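One letter stands for each residue in the lines below.
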Amino acid sequence: MAATGRRQRLRRPACWALMAVLLADLLALSDTLAVMSVDLGSESMKVAIVKPGVPMEIVLNKESRRKTPVMVTLKENERFFGDSAAGMAIKNPKATLRYFQHLLGKQADNPHVALYRARFPEHELSFDPQRQTVHFQISPQLQFSPEEVLGMILNYSRSLAEDFAEQPIKDAVITVPAFFNQAERRAVLQAARMAGLKVLQLINDNTATALSYGVFRRKDINTTAQNIMFYDMGSGSTVCTIVTYQTVKTKEAGMQPQLQIRGVGFDRTLGGLEMELRLREHLAGLFNEQRKGQRAKDVRENPRAMAKLLREANRLKTVLSANADHMAQIEGLMDDVDFKAKVTRVEFEELCADLFERVPGPVQQALQSAEMSLDEIEQVILVGGATRVPKVQEVLLKAVGKEELGKNINADEAAAMGAVYQAAALSKAFKVKPFVVRDAVVYPILVEFTREVEEEPGVRSLKHNKRVLFSRMGPYPQRKVITFNRYSHDFNFHINYGDLGFLGPEDLRVFGSQNLTTVKLKGVGESFKKYPDYESKGIKAHFNLDESGVLSLDRVESVFETVVEDSPEEESTLTKLGNTISSLFGGGATPDAKENGTDSVQKPGEKGEAGPEGAPAAPQEEKKQKPARKQKMVEEIGVELVILDVPDLAEAELARSVQKLEDLTSRDLEKQEREKAANSLEAFIFETQDKLDQPEYQEVSTEEQREDISGKLRAASSWLEDEGFGATTAKLKEKLAELKKLCQGLFFRVEERKKWPERLSALDNLLNHSSMFLKGARLIPEMDQIFTEVEMTTLEKVINETWAWKNATVAEQAKLPATDKPVLLSKDIEAKMMALDREVQYLLNKAKFAKPRPRPKDKNGTRTEPPLNASDSDQGEKVIPPAGQTEDAEPIPEPEKVEAESEPASPETLELGGPGAASEQEQPARQKQPVKNDEL
């Protein structure tokens, strides 16, 4: 036992250590129990979350809407987001930023920057000489990069998700357009870092939509390939995607559904925004025409008026999608002049005629990249808000040659739902059904380098080489290794985009630099000097195109190899010892085998096999010669990267941006806290002034008390109007605390009087039930009694004391004036009820788990049972013996014929006429005896 005890004591520290590890894992998981997705559109965003008990749900914003405008208003001392920023866009259009995603990863000379200036002339874009990009210049002291603005939006989306999930969230999947290049994707990742988000993946919005479609139709996917085309026209752009669904065999989970992106086509500027801008321009012309001859200014020169016109154009586009015409109306458009004009759908379609001609373009691009025809497409599904325009559907239907267009998907929320499913799949906190996603590379990437070659003896020249790293429409994520041979010194190579001939001239200009990175290697020559006798296997560069579609160079290595011939193997001391021990038990080997350390058992026909039975084995070499083996040596090579498209923010700059956003968030929180304190103080003043006129408050207060409180409230209200605007949060809270302390007694008296009837009624009911319970407990016969006299006496004492306290306190309270502090307190009533209930519950629990006492037995050792023909009510009653006779009296003897039985039956298995049944003489006597119910 001692040894066992010691073993147990030794195990306890290990158990505690294991529990500590598990607890640490659970605590680590608690930070990632909820994940989110952000479907980041040009005009609006949708946020979705997954948390335990909440599978894939769209987050409602503060206005209880499912989508939030991607807008932010930046002023000197405050910020507005979402619908609040949309409202501020009319009052302060210069400080309200929107559609800024179009500037991500763009240098100042990019055509999209000029297009942004033309569309939104109210915004001042300043030049950043360090990165050759642009900033939003809000004021001389206030400027923000597009990444910083996006970081604010992402931080706001996280706050919405956390409020909805009621827990912190850090992990997110963010959607980006499929046509985003490397610079644009890196810009989004930097913005997420500024927002403090851990990006699980940047998922293409078309892929997220396809995933959502497949997840909800998992049962319809089989081994037969299904080709679906998704046509997504949003606010800023249009993307057409061809997706193949089928089940495939996976190593981990067997047959699982898979989606594969087969083809992608896009138009960066075809979307609802361009239609709205055409409508805005049309409405501006109509307004100027109405004021012609009045020497009025051009409405296009007024930013506020143009912001109003853009909002009206957005509404008009939506209405004209369902109506043939509509009246555009803006009250006080400019100079207090109202605007009203009728616009027809025909006029709208004429304004956007050239846009509708571009609708089939992405379809043709997608088919070409997939190398498929329209006949192979089973269904065309509409996604995105702009596809609701009737003319878009008409042109598209004609282009694809189908009978109808599919509308069996939520055009607004599909991408957000697909992205949050992917977030749950990538998170360690959730387990989801596998769905294989094979995304495709839109822009091919290759490696270029030059090296000297000797084409003729003595004639050396430079040869330019290209190697495709990731081909167009090839799957990702994936890793690739490029090996550079014939280099023995430091050299450079270049990572560039491949053939972009599928892009038009204008798209190429928008695309930006086609050169990604120059890689400068240092230490190649030193590695050759370090291993002069080794054969070089080349310089190997390891590339990774991750889940977000972002390319990275993991490492570069110089690999060498040589052939090593090991010395003959000597038998180790341990082997000799093992052979010696084995020989002692008759399992030793032959002397030759012992010398060479090999097994003596050989198969016939093998080299060195034994001859005829009993003949000695042929002599072997004294030492076994090991075969030559290859030895590999890897030397890490230094790498210097020169970014050629859009330089990333330096770490110091990124840290400053992170701090800038954190300061703004802290300022916003302080402002909200101050506003909350001011609102609380103002509300308390008005509510208390109103209460002073109510009868229930006048009943418990004197005229002097009410005058004193009213005077203090008026003084606080005056202070709030005069000095409250500049007061700190602490001062506002201090004022509120003073007023609450002043009114504390008044409010207490009113609240106590409100609670008395309910509390006293509950106490009376408990006292009555407790008294009945005690009375029933005392009526239980002594043989069946489960409660002790002490327990019943204790309960009786508590009941009597509670009755006495209640009667005395109520009587004392009745003598006091209503304006005095009450002696009958609700908390005291509750305490008395708890004490009494505790005693009753103790006895009830004891009765619940008490075992019945055994019955007296007859001579044969069986319990006396009720007659078999007795009714149910008779069997449930307690028989009271006649006066002078106790329950322990001898039972009536059984007939002699029964006494011969060797073994009495148990009470549960008694049979008719057995020893446990009552005799015929006993039954009438029992029926005549008085009975009393023993149930309480």
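Remember, it's a predicted structure, so these values are computed and weren't measured experimentally. By convention here, each chain's residues receive numbers from 1 onward along its written sequence. Given that this is a predicted model, residues contribute local features only at a pLDDT of at least 70 and side-chain atom pairs are listed and counted only at 80 or more, while totals for whole chains, interfaces and linings are drawn from all residues. The basis for every side-chain value is the complete set of non-hydrogen atoms in the structure, without hydrogens or water.

Draft legend 1. Representation of the nonpolar core within the structure. Think of a nonpolar core as a cluster: buried Ala, Val, Leu, Ile, Met, Phe, Trp, Tyr and Cys residues, connected wherever their side-chain atoms sit within 4.5 Å. Here's how the labels work: a residue is buried when its accessible area is under 20% of the maximum for its type, exposed when over 50%, partly exposed in between, all with a 1.4 Å probe on protein chains only. Ranked by size, the top nonpolar core spans 129 residues in total, and within it Phe230, Tyr245, Phe484, Phe493 and Phe543 carry the most contacts. Counting contributing residues, this core receives three or more from each of domain 1 (35-220 + 420-436) and domain 2 (443-564). Any two residues whose heavy atoms approach within 4.5 Å at even a single point are treated as in contact. If we skip the residues at most four places from it in the chain, phenylalanine 543 touches Val447, Leu469, Phe470, Gln478, Arg479, Lys480, Ile482, Phe493, Ile495, Leu551, Ser552 and Leu553. If you look at the next biggest cluster of nonpolar residues, it comprises 45 residues, including Leu283, Ala284, Leu320 and Ile330. Throughout the structure description, domain borders are defined by an automatic or database domain assignment.

Draft legend 2. The arrangement of the sheet that holds strand 5 (residues 71-74) in detail. Across the sheet, which stays open at both edges, the three strands sit in the order 6-5-7 with antiparallel pairing between neighbours. Single-partner strands in this sheet number two, and they are strand 6 (79-81) and strand 7 (96-98). Strand-to-strand twist across the sheet, computed as the mean angle between neighbouring axes with direction ignored, equals 20°. A pair of strands is considered paired only if DSSP assigns at least 2 bridges between the two. Think of it this way: any DSSP run of H or I at least four residues long counts as a helix, any run of E at least two long counts as a strand, and we number them from the N terminus. By the bridge criterion, three bridges tie strand 5 to strand 6 in an arrangement that is antiparallel. Bridge pairing in strand 6 places threonine 73 opposite phenylalanine 80. Only the stretch in contact is used when a helix axis is fitted, and all axes are lines through C-alpha atoms; the angle between N-to-C directions ranges over 0 to 180 degrees.

Draft legend 3. Representation of unusual backbone geometry. Of note, the bond from tyrosine 476 into proline 477 is cis; its omega dihedral lies within 30 degrees of zero at 10°. Considering the arrangement of structural elements, one finds proline 477 in the loop between strand 22 (475-476) and strand 23 (478-484). For aspartate 335, which is not glycine, the phi dihedral falls at a positive 55°. Mapping aspartate 335 onto the fold places it in the loop between strand 16 (325-334) and strand 17 (337-344). One non-glycine residue, arginine 486, lies in positive phi territory at about 65°. Looking at where arginine 486 falls in the secondary structure, it is placed in the loop between strand 23 and strand 24 (492-497). The class of arginine 486 is exposed, set by a relative accessible area of 69%.

Draft legend 4. Quick look at the environment of aspartate 784. For aspartate 784, the location among the structural elements is in the loop between helix 22 (744-778) and helix 23 (789-815). Residues aspartate 784 and lysine 851, spaced 67 residues apart in sequence, show a C-alpha to C-alpha distance of 10.0 Å.

Draft legend 5. Broad picture of the packing of helix 4 (residues 146-165) against helix 5 (residues 182-194). Their axes nearest at 8 Å, the elements helix 4 and helix 5 cross at an angle of 55°. It follows that helix 4 is oblique to helix 5 by the angle criterion. Seen from above, helix 4 lies across helix 5 with right-handed handedness. Two secondary-structure elements touch here, helix 4 through Glu147, Glu148, Leu150, Gly151 and Leu154 and helix 5 through Ala187, Val188, Gln190, Ala191, Ala192 and Met194. The residue classification treats Ala, Val, Leu, Ile, Met, Phe, Trp, Tyr, Cys and Pro as nonpolar and Asp, Glu, Lys and Arg as charged. All others, Gly included, are polar. Its residues assigned to classes, the contact of helix 4 with helix 5 shows seven nonpolar, two polar and two charged. Here the word oblique covers every angle except those under 35 degrees (roughly parallel), over 145 (roughly antiparallel) and from 65 to 115 (roughly perpendicular). It is the rotation of the near helix from the far one that decides the hand of a crossing: anticlockwise by less than a right angle makes it left-handed, clockwise makes it right-handed.

Draft legend 6. Expanded view of the pattern of salt bridges. Every case where a carboxyl oxygen of Asp or Glu lies within 4 Å of a side-chain nitrogen of Lys or Arg is listed as a salt bridge. Within this structure, the stated rule accounts for 46 salt bridges. Of the charged contacts, one joins lysine 630 and glutamate 561 as a salt bridge, the two residues approaching to 4.0 Å between their closest N and O atoms. On the criterion of sequence distance, the pair formed by lysine 630 in strand 28 (residues 629-636) and glutamate 561 in strand 27 (residues 551-564) is long-range, its members being 69 residues apart. Residue classification places lysine 630 among the exposed positions, given a relative accessible area of 62%.

Draft legend 7. Broad picture of the sheet that holds strand 14 (residues 238-250). In space, the six strands of this open sheet follow the order 18-13-14-15-19-22, with mixed pairing throughout. The sheet is open, and its two edges are formed by strand 18 (379-383) and strand 22, each paired on a single side. Sheet contacts for helix 6 (residues 205-215): strand 13 (226-233), strand 14, strand 15 (254-267), strand 18 and strand 19 (436-440); angle to strand 14, the most-contacted strand, approximately 50°. Across the face of the sheet, helix 11 (residues 361-370) comes into contact with strand 13, strand 14 and strand 15 while running at roughly 130° to strand 15.

Draft legend 8. Seen up close, the packing of helix 6 against helix 13 (residues 414-426). Close contact between helix 6 and helix 13 brings their axes to 7 Å; oriented N to C, the two are set at 80°. Considering the angle they form, helix 6 stands roughly perpendicular to helix 13. Each of Asp205, Ala208, Thr209, Leu211, Ser212 and Val215 in helix 6 lies in contact with helix 13, whose residues at this interface are Ala414, Ala415, Met417, Gly418, Ala419, Tyr421 and Gln422.

Draft legend 9. Spatial organisation of helix 4. In this model, helix 4 (20 residues) spans 28 Å end to end at C-alpha, consistent with the 28 Å of a helix rising 1.5 Å per residue. Within helix 4, 16 of the 20 residues are buried, which leaves it mostly tucked inside the rest of the structure. Within two residues after helix 4, glutamate 166 carries a phi angle of roughly 60°, on the positive side. To estimate the expected span of a helix, subtract one from its residue number and multiply by 1.5 Å.

Draft legend 10. Quick peek at the side chain of threonine 247. With respect to the secondary-structure elements, threonine 247 resides in strand 14. Polar contacts, as used here, are pairs of N or O atoms within 3.5 Å; protein pairs need one atom able to donate a hydrogen and one able to accept it. Residues neighboring in sequence count only if both atoms are side-chain atoms. Of note is the side chain of threonine 247, whose polar atom sits 3.2 Å from the backbone nitrogen of threonine 223. Filtering out sequence-adjacent residues up to four positions away, threonine 247 remains in contact with Ile221, Asn222, Thr223, Met255, Gln256 and Pro257.

Draft legend 11. Region of interest: the pairing of strand 27. Buried residues dominate strand 27, accounting for 10 of its 14 residues. In this structure, strand 26 (residues 535-545) lies alongside strand 27, joined through nine bridges in antiparallel fashion. By the bridge assignment, glutamate 535 is partnered in strand 27 with glutamate 561. In this antiparallel pair of consecutive strands, strand 26 and strand 27, the connection spans five residues, and glycine 549 shows a positive phi of 75°. Alignment of strand 27 against strand 28, held across eight bridges, turns out to be antiparallel.

Draft legend 12. Spotlight on a nonpolar patch on the surface. Here the term patch refers to residues with relative accessible area over 30% and no salt bridge, with like charges joined within 9 Å and nonpolar side chains (Val, Leu, Ile, Met, Phe, Trp, Tyr) within 5 Å. All accessibility values rest on the Shrake-Rupley procedure with a 1.4 Å probe; residue burial counts only the protein chains present in the view. A surface patch of nonpolar side chains, amounting to about 220 Å² of accessible area, comprises Val639, Leu641 and Ile643. For isoleucine 643, the position within the fold is in strand 29 (residues 638-643). Classification of isoleucine 643 as partly exposed rests on a relative accessible area of 32%.

Draft legend 13. Structural view of the packing of aromatic side chains. Ring pairs shown here join Phe, Tyr and Trp side chains whose ring centres sit within 6.5 Å, with only the six-membered ring taken for Trp; geometry is labelled stacked below 30 degrees between planes, edge-to-face above 60, and tilted in between. Tallied over the entire structure, the rule returns 28 aromatic pairs. With a centroid separation of 6.3 Å and 75° between ring planes, the pair formed by phenylalanine 493 and phenylalanine 543 is classed as edge-to-face. Separated by 50 residues along the polypeptide, phenylalanine 493 in strand 24 and phenylalanine 543 in strand 26 bring together distant segments of the chain. Take phenylalanine 493 and phenylalanine 543: they sit in the same class, and that class is buried. To sit over a ring, a charge needs its Lys NZ or Arg CZ within 6 Å of the ring centre and within 35 degrees of the ring normal. Looking at lysine 691, its charged tip hangs above the ring of phenylalanine 747, at a distance of 4.7 Å from the centre. Of note, lysine 735 hangs over the ring of tryptophan 719, and the distance from its end group to the ring centre comes to 5.0 Å.

Draft legend 14. Focus on the environment of phenylalanine 528. Examined against the element boundaries, phenylalanine 528 turns out to sit in helix 15 (residues 524-530). A sequence separation of 40 residues divides phenylalanine 528 from serine 488, and the C-alpha atoms of the two residues are 6.5 Å apart. Setting aside chain neighbours within four positions, we find phenylalanine 528 in contact with Tyr487, Ser488, Ser536, Ile539, Ser558 and Phe560.

Purely spatial values, then, with no claim about function.
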